[in-house]
Amino acid sequence: FSAAIAITEQPVSVSVPVGYSFTLRCRAEGRTSLQYQWFCQHQSVCHPIPGATKQDLPITAQQTQLYTCRINDLYKNAIFSDWVKVEVHQCVARGLPPQLWRGEPVIVLNPTEQRVEVGKPLQLQCAAMGIPAPSYQWYQNGNLLEHQKKKKLWITHAKVSDSGTYLCCASNSHGEHWTNAVDIHIGETLPPAEHLQLCRLVFPLATGKIALLVGNNRYQHHPNLMAPVTDVFELSLLLEQLGFQVVSLLD
């Protein structure tokens, strides 16, 4: 009969760097004294945490895991708290989180600029640390995207209208932080054969190579060359050996 116990404070999910120490909290009220037991789940295996029998569970983050707390009274009534996720970031830039971090969102992964063919999937990704774990909201050209509220933005079949500037806002009870803005280009991509055909139409294949050589005996703002005529003649011979048609001029 679970109504005999009421949870007054649920634990909250967090997103922290590896090695960070924090505490999960759970509070409940009942008709008798209450007993607590914390559980964790990793890779679909759930097991009680030895010695974790208090309202607070101190944790030093090592790997991403799920946690819940079971509360029972002396009449064998029991209730479980919400499952919460402890997300652990293994690689975080130096200096993050800030020294006096209060749990406000800190961006650890920004989305990147992409060029995507029409009809192909578009995926953008960001990540932020925070206590509680931040919620996410994506924007395109400053407009809120109603159904894009996760770390990963996913569009199965990209359209030209999906082009634009994207950024994401990570927020929790301590504040908000925005990712960098990135430009996304969605366009048609021609098959190789059609692309080659288009190149031939726009850039006709060369049918000859022509070199224009100019020798100058009189410069206004440069010392005169020693033998420009001889230089042009010798260079013409070299170019002709390479298959060029040579036009040489003087002054």
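It should be emphasised that the depicted structure is a prediction, and the values quoted were computed from it without experimental measurement.

About the thresholds
Residues numbered from 1 in each chain as written. Predicted model: local features only at pLDDT ≥ 70, side-chain atom pairs only at ≥ 80, totals over all residues. Heavy atoms only, no water. Helix = DSSP H or I, 4+ residues; strand = E, 2+ residues; numbered from the N terminus. Areas by Shrake-Rupley, 256 points an atom, 1.4 Å probe, with all protein chains shown as cover. Core = buried A, V, L, I, M, F, W, Y, C linked by side-chain atoms within 4.5 Å. Buried < 20%, exposed > 50% of the residue type's maximum accessible area, 1.4 Å probe, protein only. Contact = heavy atoms within 4.5 Å. Polar contact = N/O pair within 3.5 Å; in protein donor to acceptor, adjacent residues only side chain to side chain. Patch = residues over 30% accessible without salt bridge, like charges linked within 9 Å, V, L, I, M, F, W, Y side chains within 5 Å. Salt bridge = Lys/Arg side-chain N within 4 Å of Asp/Glu carboxyl O. Phe/Tyr/Trp six-rings, centres within 6.5 Å; stacked < 30°, edge-to-face > 60°. Pairing = 2+ DSSP bridges. Disulfide = S-S within 2.5 Å.

So, the overall build of the protein
So, step 1. Tallying secondary structure elements over the protein gives 2 helices and 22 strands in all.
So, step 2. Of the roughly 16,300 Å² that the protein leaves accessible, carbon and sulfur atoms contribute 55%.

Examining unusual backbone geometry
So, step 1. Look at the link from Leu96 to Pro97: it is a cis peptide, with omega at -10 degrees.
So, step 2. The backbone of Gln43 sits at a positive phi, close to 55 degrees, despite the residue not being glycine.
So, step 3. Note that Gln43 resides in the loop between strand 5 (34-42) and strand 6 (45-48).
So, step 4. The phi angle at Lys76 is positive, at roughly 70 degrees, despite the residue not being glycine.
So, step 5. Topologically, Lys76 is positioned in the loop between strand 8 (65-73) and strand 9 (78-80).

A word on the nonpolar core
So, step 1. Within the largest apolar cluster, 25 residues are counted, with the highest numbers of intra-cluster contacts made by Phe22, Leu24, Trp38, Leu57, Tyr67, Ile71 and Val86.
So, step 2. Secondary-structure elements contributing two or more residues to this core are strand 1 (5-9), strand 2 (14-17), strand 3 (21-25), strand 5, strand 7 (56-60), strand 8 and strand 10 (84-89).
So, step 3. In this structure Ile71 touches Ile5, Ile7, Cys26, Ala28, Leu34, Gln35, Tyr36, Asn77, Ala78 and Ile79, once residues within four positions along its chain are discounted.
So, step 4. If you look at the next biggest cluster of nonpolar residues, it comprises 18 residues, including Val116, Cys126, Ala128 and Ala158.

Thoughts on the side chain of Arg27
So, step 1. With respect to the secondary-structure elements, Arg27 resides in strand 4 (residues 27-30).
So, step 2. Of note is the side chain of Arg27, whose polar atom sits 2.9 Å from the side chain of Asp56.
So, step 3. Excluding residues that lie within four positions of it along the chain, Arg27 makes contacts with Ala6, Ile7, Thr8, Glu9, Tyr36, Gln55 and Asp56.

A closer look at a nonpolar patch on the surface
So, step 1. Together, Ile210, Leu212, Val214, Val247 and Leu249 make up a nonpolar patch on the protein surface, roughly 490 Å² of accessible area in all.
So, step 2. Sort the elements by how many residues they give to the nonpolar patch and strand 21 (residues 210-215) lands first, with 3 residues.
So, step 3. Looking at where Leu249 falls in the secondary structure, it is placed in strand 22 (residues 245-250).

Description of the packing of aromatic side chains
So, step 1. Inspection of every chain in the model, using the stated rule, returns 3 aromatic pairs.
So, step 2. Ring geometry for Phe39 versus Phe80: centroids 5.9 Å apart, planes at 50 degrees, classification tilted. Of the two residues, Phe39 sits in strand 5 while Phe80 sits in strand 9, which places them 41 residues apart along the sequence.
So, step 3. Given the relative accessible area of 11%, Phe39 is considered buried.
So, step 4. Where Tyr139 meets Trp178, the ring centres are 5.2 Å apart and the plane angle is 45 degrees; that geometry is what we call tilted. With a gap of 39 residues between them, Tyr139 in strand 15 (residues 135-140) and Trp178 in strand 19 (residues 175-178) connect regions that are remote in the sequence.
So, step 5. According to the relative accessible area criterion, Trp178 is partly exposed, its value standing at 34%.

Topic: the pattern of salt bridges
So, step 1. Summed over all chains, the structure comprises 5 salt bridges.
So, step 2. Between Arg27 and Asp56 there is a salt bridge, and its shortest N-O distance comes to 2.9 Å. Taken as a pair, Arg27 in strand 4 and Asp56 in strand 7 lie far apart in primary sequence, 29 residues in all.
So, step 3. Its relative accessible area of 17% is what places Arg27 among the buried residues.
So, step 4. Among the salt bridges present, the one from Lys120 reaches Glu117, with a minimum N-O distance of 3.5 Å.

A look at the pairing of strand 5
So, step 1. Sheet topology note: the strand 5/strand 8 ladder contains 8 bridges and is antiparallel. Bridging across to strand 8, Gln41 finds its partner in Leu66.
So, step 2. The pairing of strand 5 with strand 6 spans 4 bridges and is antiparallel. In the strand pairing of strand 6, Gln41 is matched with Cys46.
So, step 3. Between strand 5 and strand 6, which pair antiparallel one after the other, the connecting turn spans 2 residues, and Gln43 there sits at a positive phi close to 55 degrees.

Observations concerning the state of the cysteines
So, step 1. Scanning all chains against the criterion turns up 0 disulfides.
So, step 2. No disulfide involves Cys40; its sulfur sits 7.2 Å from that of Cys46, the nearest cysteine.
So, step 3. Relative accessible area serves as the criterion here: at 41%, Cys46 is assigned to the partly exposed category.

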